[in-house]
Amino acid sequence: MTMERREFLKLAGLVAAGATFSACTPAYRIIADSLESPAKWLEGDTRAFRILNRLTYGPTLAERQLAAVIGVQAWIEEQLDPASLPDPRGDLSVRPLTSLTLDAADLAAWERDDVVAELKRGALLRRVYSHRQLHETLVEFWTDHFNISVEKGACWYLKTVDDRQVIRRHALGNFRDLLWASAHSPAMLVYLDNQANDRRAPNENYARELLELHTLGVDGGYAQADVMEMARCLTGWTVKDRFWRGQFAFQSGMHDEGAKKVLGALIEPAGQAEAESVIERLAVHPATALHLAHKLTRRFLDPSLDRVPELERRAAAAFQASGGEIEAMLRVILLDGVAADPDPTPKFKRPINFVTSGLRMLQTTTNGGRPVQDHLNHMGQPLFEWPTPDGPPDEMASWQGGLFARWEFAYDLARNEMEGTELSLKELLKAAQAETLEDAFDALGNLLLGAPLPEPARTEVLRRIGKVPEHDGPALLLAGLLASPAFQWH
Amino acid sequence: MNSAADCEACRWVVPAATAGGPAWMPRLAFHPANRGPRGDVLLVVFLRGAADSLNMVVPHGEDAYYRIRPSLAIPRPNDRRAGAALRSLDLDGFFGLHPALAPLLPAYHAGHLAVVHACGAPDESRSHFQAMELMERGLTNLHGPASGWISRHLASLDTGNYSPLRAVALGERVQRSLRGVVPASALQSITDYHLGGDPQATARLQAALATLYAGNDPLSEVGRETLAVLETLAGLGADRYDSLLEAHYPDSDFGMGLRQVAALVQAEVGLEAAAIDLGGWDTHFGQGSSEGLMAGLLADLAQGLAALHADLINRIDDLTVVVMSEFGRRAAENASLGTDHGHGGSLFVLGGGTEGGKVHAQWPGMEPGQLFGPGDLAVTIDYRDVLAEICLRRLNNEALGAIFPDYSPVLRGIVRPRA
């Protein structure tokens, strides 16, 4: 499919729209995605669009142009090295959220609702505004993998620290470091009750999920006895509640001093080092590599594809050969899996991807506040509030029944009905030089779906919406596109 | 056997012409079903997190229970050292209800409520997620069909009822038990289930959505379903369900969900199966005893079910409610005044066709030699024995092989055939 020069120019205009807002525009919106040549993606490379759509929270025109200029492979390489990518918009968007930089003791003095609200807003804003899209995607992946709900005990303020020191710090680093940090994270110890794990009658909760969810997987070769012995190793791993409140503590008085046996290996009494030695083994265990490869591959690829099992094995092998580098696993999945696919099969968007893609692709100004978060709650994916340690599911069947909640968001966003979120539809359409309703519909189709809606649906939708008063037409068409089946996939 | 109702077994197919979206969207093929009259409305309540059935339905005749739960045990019905409000409520001289379940006593004594104890699944993973997945799919091992057991029941019985509200999931997401080829809608509130804004504009948007969701892809079917639900609920009229929602449901998400179920039943909009979750049962820490954390959950459960029972008493012979959980908890308490993952649990059946007013159990005992694995209640009745009997006798579905493909159920006499 080739695009005519007229459309080409309209789309180029859309890029500029982001930089033309009025004086009340927040600072971070003025830092434009300035890229010189909007040229090549306009040739209608829907394959590149589909790949970027999968790897971002909704590709912006700037990202589409960049990938068109340097190629999708090179775009992925850049994303794999987030430190090399300047990210002023991402950084500026969360700068007002001061709680995100505080330590546990300071956070504990805040109002609970404020801490939780800033944590949620921070995650959403970074996903919408950061250039480091792959990093944010991995942050989300590990947030789910090491799920912690802020509803549990002191997690309402401990999770902010965990988010910064555990998840964000190690999201693209070495898995051993990530696992180590998570195991010593007060938020995790509280969430899975290990702070109450006492030698007199161990609490198995964290020990089990460490083996089942965080490392080996439910079929990873451990037994109930291993869970019980690991729980003994972890007795005394707890959290300070007075001085140095919210810091990790090993309480030797709670620790079971006897010898243990986990996964066939005898563990001599060594206090805190007992569980740490098992954690080191778990991090490099072949079952862990397979379990992680299985999950991470499914995050990026439709699991029904024939080549997924083979890709998983290779991703696991690369991970092991690298000594547990997350990037090594990602390279196989993204470069050999996603980017090498001649005809990428889409994945169903989870609610968070649906919401961020609407906000992002339409160049919306949002503070990520309550109205947007409420929509996510209605869709069943409240941020940082998933109650169970498995994290929100990553399969279509879990989410497709909640279509109505997505339609509500689509309608609210298109009509600018969310406080704290501003969609400048007129500016967008002006930049696209859309003069007629048809022009507007096609420009929005290009923006959201990579191409105008195909016929006969295009004409039929225009006909059904067309008779409304002029000024409502584009908003209704936009609502239709956001609510359409095609926009639910990426 | 499994393909007829197994969504994930259907391969995506890409047709030449696309209706409502780009060519790269997945397409789905569909399957036929068998015919029969419809039976009861089925409501499945899932207690997420492994509810401690030993404190829900207390084996107060069991000395070991009091020995290994020194802090958590619910006092015997005649234990004068405990306040009357803290004692278990005797059912049959051996079992008693947790005092917070007192609202269920009228249904129990009316013969509408049965307890099945030492009941559960063969899975020994003690993993919430594996256990729930297997149980909601009705399977012994994960290699069976990906669809849920309720979905396979619906898919294997064409009752001539094509209502978009035939299967409803209460809450934000569709439970695994309801997933499959028969689309189920997630419903949070009947009264909020409409798009706001100018009615004319909204009507145009919905007309456009009907076009966009006209395709032969998995999502389009859900979209058409959603539009049909919107239309059906709009046709109910808001004033009408206000009057239907007067029973005394607890002011909780669970109570709210049960109210929606009752309203849909009363409104006769074709509801055949509904699923609702109640979470928070993973009580490793600070579980409480007659009072406390778990008692609060039990109160919500019991008040909700009692309100539903009262609200639908005129239709009680056409209703079967099942309350289940993925497994029970460790027989002995842990040092954090909680309980760890166990094995055998219990299951409640509520409805006019229930052999109620009794506890159905082959009690395995709780002495050291009688406990299972690391110290858990053994399973002597498979949960599928109960569900299969409900499918057969209450839902008019004989296709048990399609619903529970890797298990041969044993009928236990827990429900009666429909009159």
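Residues numbered from 1 in each chain as written. Chains lettered and ligands numbered in written order. Predicted model: local features only at pLDDT ≥ 70, side-chain atom pairs only at ≥ 80, totals over all residues.

What to know about the overall build of chain B
From N to C terminus, chain B includes 12 helices and 12 strands. Counting only residues that meet the buried cut, chain B has 58% of its 419 residues in that class. Across chain B, contacts joining residues at least 24 apart in sequence account for 74% of those joining residues at least 6 apart. (Helix = DSSP H or I, 4+ residues; strand = E, 2+ residues; numbered from the N terminus. Buried ≥ 20, exposed ≤ 12 C-beta atoms within 10 Å, placed from the backbone. Contact = placed C-beta atoms within 7 Å.)

Section: the overall build of chain A
The helix and strand inventory of chain A stands at 26 helices and 6 strands. With 490 residues in all, chain A has 56% of them scored as buried. Contacts in chain A between residues far apart in sequence, at least 24 positions, make up 71% of those at least 6 positions apart.

Considerations on unusual backbone geometry
Glu455 of chain A connects to Pro456 of chain A through a cis peptide bond whose omega is 5 degrees. Relative to the helices and strands, Pro456 of chain A resides in the loop between helix 24 (437–449) and helix 25 (457–465). Located in the positive-phi region is Arg126 of chain B, a residue other than glycine, with phi close to 55 degrees. Structurally, the position occupied by Arg126 of chain B is in the loop between strand 5 (113–120) and helix 4 (128–137).

Considering the sheet that holds strand 4 (residues 95–97) of chain B
All names here are of chain B. With respect to topology, 3 strands assemble into an open sheet ordered 2-4-3, the strand pairing being antiparallel. Two strands close off the open sheet at either side, each with one partner strand: strand 2 (57–59) and strand 3 (89–90). The pairing of strand 3 with strand 4 spans 2 bridges and is antiparallel. Bridged to Leu89 within strand 4 is Leu97. (Pairing = 2+ DSSP bridges.)

Some details on the interface of chain B and chain A
Reports often express the size of an interface as the amount of accessible area lost when the parts come together. Of the residues lining the interface, 55 residues belong to chain B; the matching set on chain A comes to 53 residues. Broken down by secondary-structure element, the contributors of at least two residues to the side of chain B that touches chain A are helix 4, strand 7 (185–187), helix 6 (199–212) and helix 7 (218–236) of chain B. In terms of residue count, helix 6 of chain B provides more of the side of chain B that touches chain A than any other element does, 8 residues in total. Residue composition of the side of chain B that touches chain A, grouped by class: 26 nonpolar, 22 polar and 7 charged. (Nonpolar A, V, L, I, M, F, W, Y, C, P; charged D, E, K, R; others polar.)

A word on the nonpolar core
A general tendency of soluble globular proteins is for nonpolar side chains to be buried together. In this structure, Met230, Ala315, Met329, Ala479 and Leu482 of chain A are the most contacted members of the largest nonpolar core, which totals 153 residues. Counting residues per element, this core draws most heavily on helix 22 (residues 403–414) of chain A, at 9 residues. Non-local contacts of Ala315 of chain A, meaning those with residues more than four positions away in its chain, are made with Ala293, Leu296, Thr297, Met329, Val332 and Ile333 of chain A. The next biggest cluster of nonpolar side chains, apart from the first, holds 117 residues, and it includes Ile74, Ala263, Val265 and Ala275 of chain B. (Core = buried A, V, L, I, M, F, W, Y, C linked by C-beta atoms within 7 Å.)

Considerations on the confidence of the model for chain B
Of all residues in chain B, 89% have pLDDT values of 70 or greater, and the mean over the chain is 89. Residue range residues 26–32 of chain B is modelled with pLDDT below 50. Its contacts to residues more than four positions away, or to other chains, number 20 contacts. (pLDDT = per-residue confidence, 0-100.)

So, the domain arrangement of chain A
Residue and element names in this part refer to chain A. Partitioning chain A into domains gives domain 1 (5–79 + 347–488), domain 2 (90–189) and domain 3 (192–343). Summarising the inter-unit geometry, the C-alpha centres of domain 2 and domain 3 are found 20 Å apart. Between domain 2 and domain 3, the residue contacts involve 22 residues of the former and 27 residues of the latter. Where the side of domain 2 that touches domain 3 is concerned, the elements lending two or more residues are helix 7 (104–107), helix 9 (133–145), helix 10 (155–170), helix 11 (175–183) and helix 12 (186–191). A per-element tally of the side of domain 2 that touches domain 3 places helix 11 first, with 6 residues. A class-by-class count of the residues in the side of domain 2 that touches domain 3 yields 16 nonpolar, 5 polar and 1 charged. (Domains from an automatic or database assignment.)

Section: helix 24 of chain A
Spacing of three or four residues puts side chains on the same side of an α-helix, whose turn is 3.6 residues. Residues and elements named next belong to chain A. Over its 13 residues, helix 24 runs 17 Å from end to end, which matches the ideal 18 Å to within 8%, given 1.5 Å per residue. Among the 13 residues that make up helix 24, 10 are buried, leaving the element largely enclosed by the rest of the structure. In the stretch just after helix 24, Gly450 is the one whose phi turns positive, near 85 degrees. (Expected span 1.5 Å × (residues − 1).)

A word on the pairing of strand 5 of chain B
Residue and element names in this part refer to chain B. Burial within strand 5 is extensive, with 8 of its 8 residues counted as buried. In this sheet, strand 10 (residues 345–350) lies alongside strand 5 in antiparallel orientation, the contact comprising 6 bridges. Within strand 10, the position partnered with Cys119 by the bridge is Gly345. Bridging between strand 5 and strand 11 (residues 358–360) involves 3 bridges; their strand directions are parallel. Within strand 11, the residue paired with Val115 across the bridge is Val359. Across 2 bridges, the pairing between strand 5 and strand 12 (residues 381–382) is parallel.

Comments concerning the environment of Pro59 of chain A
Residue and element names in this part refer to chain A. Within the secondary structure, Pro59 is located in the loop between helix 3 (46–55) and helix 4 (61–70). C-beta crowding within 10 Å serves as the criterion here: with 28 such atoms nearby, Pro59 is assigned to the buried category. On a C-alpha basis, the gap between Pro59 and Met361 in space is 6.2 Å, while along the polypeptide they are 302 residues apart. Not counting residues up to four positions away in its chain, the partners in contact with Pro59 are Phe49, Leu52, Asn53, Arg64 and Met361.

A short note on the environment of Arg64 of chain A
Residues and elements named next belong to chain A. Relative to the elements of secondary structure, Arg64 occurs in helix 4. On the neighbour-count criterion, Arg64 (28 C-beta atoms within 10 Å) is buried. The spacing of Arg64 and Val139 is 75 residues in sequence and 22 Å in space, taken between C-alpha atoms.

What to know about the packing of helix 16 (residues 286–300) of chain A against helix 18 (residues 326–338) of chain A
Residue and element names in this part refer to chain A. Their axes nearest at 10 Å, the elements helix 16 and helix 18 cross at an angle of 40 degrees. One way to sum up the angle between helix 16 and helix 18 is to call them oblique. Judged by the twist between their axes, the crossing of helix 16 over helix 18 is right-handed. Contacts between helix 16 and helix 18 pair Leu292, Ala293, Leu296, Thr297 and Phe300 from the former with Met329, Ile333, Leu334, Gly337 and Val338 from the latter. (Axes fitted to C-alpha atoms, helices over the stretch in contact; angles between N-to-C directions. Parallel < 35°, antiparallel > 145°, perpendicular 65-115°, else oblique. Left-handed = near helix turned anticlockwise from the far one by under 90°.)

Considering the packing of helix 13 (residues 205–215) of chain A against helix 14 (residues 224–233) of chain A
All names here are of chain A. Packing of helix 13 against helix 14 leaves a shortest axis separation of 8 Å and a crossing angle of 125 degrees. In this view, helix 13 runs oblique relative to helix 14, as classed from their interaxial angle. In the crossing of helix 13 with helix 14, the sense of the turn from one axis to the other is right-handed. Facing Ala207, Arg208, Leu210 and Leu211 of helix 13, the residues of helix 14 in contact are Asp226, Val227, Met230 and Ala231. Residue classes in the contact of helix 13 with helix 14 are distributed as 6 nonpolar, no polar and 2 charged.

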